[in-house]
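Spelled out from the first residue to the last, the chains are:
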Amino acid sequence: MKPLLLLGPPLLLVLLAAVPPGCRGIVIPRCQLVRILRQHRLEGFVKRTVADWVCLAKHESSYNTRAINRNKNGSSDYGIFQINSKYWCHDGRTPGASNGCRIPCSKLLDNNIADDIKCAKLIAQRSRGLTPWVAWRNRCRGKDLRPYVRGC
């Protein structure tokens, strides 16, 4: 962001205003996400804590409900939990997709994450944990995750 500040406030405002609203992500504040995940009974689900899920969301999407990442195999990852279109949602563009959660990928991009949580729970249940998420394996597994829920 600092290089953009060098452009000066007027030009920065023009650039930011040019970004269509659909491209801006809705970033859920960490403690709000903690509350939502607790309401959806993720504490202890597949023997993982809410802190595991918050860490996963932080490193998959930076808590951004509209995050989309394209993969080399032609699939894409959608939403706050980066749910993959090859196996779990339908985006109409991924060859050989199975849509395990029976949901359009576009539903994973709104600010109501109840359906994202439902799908993520199905993924975690089928895999008996959070190992399908690379970010959780690399950044969260085996770490002290208490800071992700501290103060919430």
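Our subject is the structure that appears above.
These figures come from a predicted structure and were not determined experimentally. (Residues numbered from 1 in each chain as written. Predicted model: local features only at pLDDT ≥ 70, side-chain atom pairs only at ≥ 80, totals over all residues. Heavy atoms only, no water.)

Draft legend 1. Structural detail: the state of the cysteines. The full count for this structure, using the stated rule, is four disulfides. Disulfide partner of Cys-89: Cys-105, at an S-S distance of 2.0 Å. Between Cys-89 and Cys-105, the S-S dihedral sits near 95°, and the bridge is therefore right-handed. Of this pair, Cys-89 sits in the loop between β3 (83–84) and α5 (114–127) while Cys-105 sits in the loop between β3 and α5; the two residues are 16 residues apart in sequence, bridging distant segments of the chain. The exposure class of Cys-89 is buried, given its relative accessible area of 0%. The class for Cys-105 is buried, based on a relative accessible area of 1%. Two residues share a disulfide in this structure: Cys-101 and Cys-119, whose sulfurs sit 2.0 Å from each other. (Disulfide = S-S within 2.5 Å. Helix = DSSP H or I, 4+ residues; strand = E, 2+ residues; numbered from the N terminus. Buried < 20%, exposed > 50% of the residue type's maximum accessible area, 1.4 Å probe, protein only.)

Draft legend 2. Structural view of the side chain of Ser-75. Mapped onto the fold, Ser-75 is located in the loop between β1 (68–70) and β2 (76–78). Among the polar contacts listed, one links the side chain of Ser-75 to the side chain of Asn-84, at a separation of 3.0 Å. (Polar contact = N/O pair within 3.5 Å; in protein donor to acceptor, adjacent residues only side chain to side chain.)

Draft legend 3. Local environment of the pattern of salt bridges. Tallying each qualifying case throughout the model produces three salt bridges. Between Asp-115 and Lys-107 there is a salt bridge; the shortest N-O distance is 3.7 Å. With relative accessibility at 38%, the residue Lys-107 sits in the partly exposed group. Three or more residues joined by partner-sharing salt bridges are found here, namely Lys-107, Asp-110 and Asp-115. (Salt bridge = Lys/Arg side-chain N within 4 Å of Asp/Glu carboxyl O.)

Draft legend 4. Summary view of the sheet that holds β1. Pairing is antiparallel across the open sheet formed by three strands, whose spatial order is β1-β2-β3. The two strands at the open ends of the sheet, each matched to only one other strand, are β1 and β3. Pairing geometry for β2 and β3, over two bridges, is antiparallel. Each bridged residue has a counterpart across the sheet, and for Tyr-78 the counterpart in β3 is Ile-83. (Pairing = 2+ DSSP bridges.)

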